[in-house]
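Chain by chain, the residues:
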Amino acid sequence: MGQGSPRAAPAPRPAPIIEVELKFRVGPDTATALRALGAVGLPHAPPFRDCYFDVPGAALGRADVWLRHRQGQGWQLKLPHGDPRPPHGDPEPPRGDPRPTHGDPQPHRNAETTQTPPEPAEPGSRPPPNPPHGRPPSAVTIYREVWGDAGVLRELTRLLGVPSAPWGSVRAALAPLGLRPTASFVTRRRGVRVGRVKVELDEADFGYGLGEAEEEVTPEGGAREVEEARKRVEGVCRALGAEPRQRIPGKLSVFLARHRPRYYKLLREAGRLEEVGKEEKEEEKEEEEVPGPTQ
């Protein structure tokens, strides 16, 4: 597994892409298996902080939509392939997550600010849709990714039912839309490429690590290209000793289970997060303030 050149942070991607991804557990033989596959090291990126956001009632997370700010890359929105619209009616939020009081219009009445943040949610770890007839179940997730303020604002206003977006940036829209930080953590990442598949080995600052194999497809590629990408991603994971049908909790799932248990439970009940086992959850910590995004 070759060494990448130092400190080359990836640039933001303005055009939407389709991300086909499979999470796997990293074991003592993973590095050896990658070398056997002829993996080529990617440029080294410095540690980065991800900060996730949702509205009260978790309308975005319950719809499998994930808004985050990534240090060094900016704003990103991940939407499930197929783009379902989040429900406008929110369930009663967990205790300690009061209802809005400033009279927002009904289409986005969940857009409000409270003193106790909800608990977060995570992209990529929701149960995937039923596979096409004849294909065995798979833990592969498929999302459309939108990067940059303009594209993210356009999608957010559509999803939340807001008629216009007078804000010049996502940061300026956070308070008006009632978007609050729900998770924040730093990831150290090592990346390699195996053919067209990118393999990332992540270690989060709260003591949880995993691997992710992914391939990016342009929306113009269509269903066939997405299906071919899925096969390649599953093939690399099998070569690494991983089972493509096994669903692994993502970093966000584990962070929420440990630090935002009420929010985690809400999203688990909606079928959007994987179950976090006792060995990954450790003991639940008291809820704490989540810092906002950094540049």
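Residues numbered from 1 in each chain as written. Predicted model: local features only at pLDDT ≥ 70, side-chain atom pairs only at ≥ 80, totals over all residues. Heavy atoms only, no water.

J.: Any chance you could break down the packing of aromatic side chains for me, citing the residues and the numbers?
T.: Tallied over the full model, the rule gives five aromatic pairs. Ring plane angle 80° and centroid distance 5.4 Å describe the contact between Phe185 and Phe206, whose orientation is recorded as edge-to-face. Residue Phe185 is located in strand β7 (residues 180-194), and its partner Phe206 is located in the loop between β8 (197-204) and β9 (209-217); the two are separated by 21 residues in the primary sequence. Assessed through its relative accessible area of 13%, Phe206 is described here as buried. Here the aromatic rings of Phe206 and Phe255 are separated by 5.6 Å at their centres, their planes lie at 70°, and the arrangement is edge-to-face. On the criterion of sequence distance, the pair formed by Phe206 in the loop between β8 and β9 and Phe255 in helix α6 (residues 251-259) is long-range, its members being 49 residues apart. Classification of Phe255 by relative accessible area gives buried; the value is 6%. Members of the aromatic cluster, joined through ring pairs, are Tyr52, Phe185, Phe206 and Phe255. (Phe/Tyr/Trp six-rings, centres within 6.5 Å; stacked < 30°, edge-to-face > 60°. Helix = DSSP H or I, 4+ residues; strand = E, 2+ residues; numbered from the N terminus. Buried < 20%, exposed > 50% of the residue type's maximum accessible area, 1.4 Å probe, protein only.)

J.: Break down the packing of α6 against helix α7 (residues 261-269) for me, citing the residues and quoting the values.
T.: The relative placement of two packed helices comes down to the angle between their axes together with the axis-to-axis distance. Between α6 and α7, the least distance of the axes is 6 Å, while the angle of their chain directions is 130°. On the basis of the axis angle, α6 is oblique to α7. Across from Ser253, Leu256, Ala257 and His259 in α6, the residues of α7 making contact are Pro261, Tyr263, Tyr264 and Leu267. Looking at the contact of α6 with α7 residue by residue, the classes come out as six nonpolar, two polar and no charged. (Axes fitted to C-alpha atoms, helices over the stretch in contact; angles between N-to-C directions. Parallel < 35°, antiparallel > 145°, perpendicular 65-115°, else oblique. Contact = heavy atoms within 4.5 Å. Nonpolar A, V, L, I, M, F, W, Y, C, P; charged D, E, K, R; others polar.)

J.: Describe in detail the pairing of strand β5 (residues 74-80), supporting the description with residues and values.
T.: The buried count for β5 comes to seven of seven residues, which makes it a mostly enclosed element. In this structure, strand β4 (residues 66-70) lies alongside β5, joined through five bridges in antiparallel fashion. In the sheet register, Arg68 faces β5, and the bridge partner there is Gln76. Joining the antiparallel neighbours β4 and β5 is a turn of three residues, in which Gly72 adopts a positive phi near 90°. (Pairing = 2+ DSSP bridges.)

J.: Could you give an account of the environment of Gly235, naming the residues involved and the relevant values?
T.: You can see Gly235 is positioned in helix α5 (residues 222-239). Overall, Gly235 belongs to the partly exposed group, its relative accessible area being 33%. Between the C-alpha atom of Gly235 and that of Val197, which follows or precedes it by 38 residues, the distance is 9.7 Å.

J.: Report on the confidence of the model for the protein, specifying residues and quantitative values.
T.: Mean pLDDT over the protein stands at 80; residues scoring 70 or higher make up 72%. In this model residues 2-10 is a low-confidence stretch, pLDDT under 50, and it forms 19 contacts with partners more than four residues away in sequence or in other chains. pLDDT under 50 marks residues 84-134. Its contacts with residues more than four places away, or in other chains, come to 156 contacts. (pLDDT = per-residue confidence, 0-100.)

J.: Go over helix α3 (residues 149-160) with me, naming the residues and quoting the values.
T.: When the terminal C-alpha atoms of α3 are compared, their 16 Å separation across twelve residues agrees well with the 16 Å that a helix rising 1.5 Å per residue should span. Elements that come into contact with the buried residues of α3 comprise α2 (59-62), β4, β5, β6 (141-147) and α4 (170-177). Trailing α3 by a residue or two, Gly161 shows a phi angle of about 75°, which is positive. (Expected span 1.5 Å × (residues − 1).)

J.: Tell me about α7, and name the residues and values.
T.: Turning to α7, its buried residues number three or more, namely Pro261, Tyr263, Tyr264, Leu266 and Leu267. Residues of α7 that are buried in the fold lie against β3 (48-54), α2, β4, β7 and α6. Remark: Gly271 follows α7 within two positions and exhibits a positive phi of approximately 80°.

J.: Outline unusual backbone geometry, listing residues and values.
T.: Even without glycine at this site, Ala58 takes up a positive phi of about 60°. For Ala58, the position within the fold is in the loop between β3 and α2. For Ala58, a relative accessible area of 0% corresponds to the buried category. Phi at Asp64 is positive, roughly 65°, even though this residue is not glycine. The topology assignment puts Asp64 in the loop between α2 and β4. We classify Asp64 as buried; its relative accessible area is 2%.

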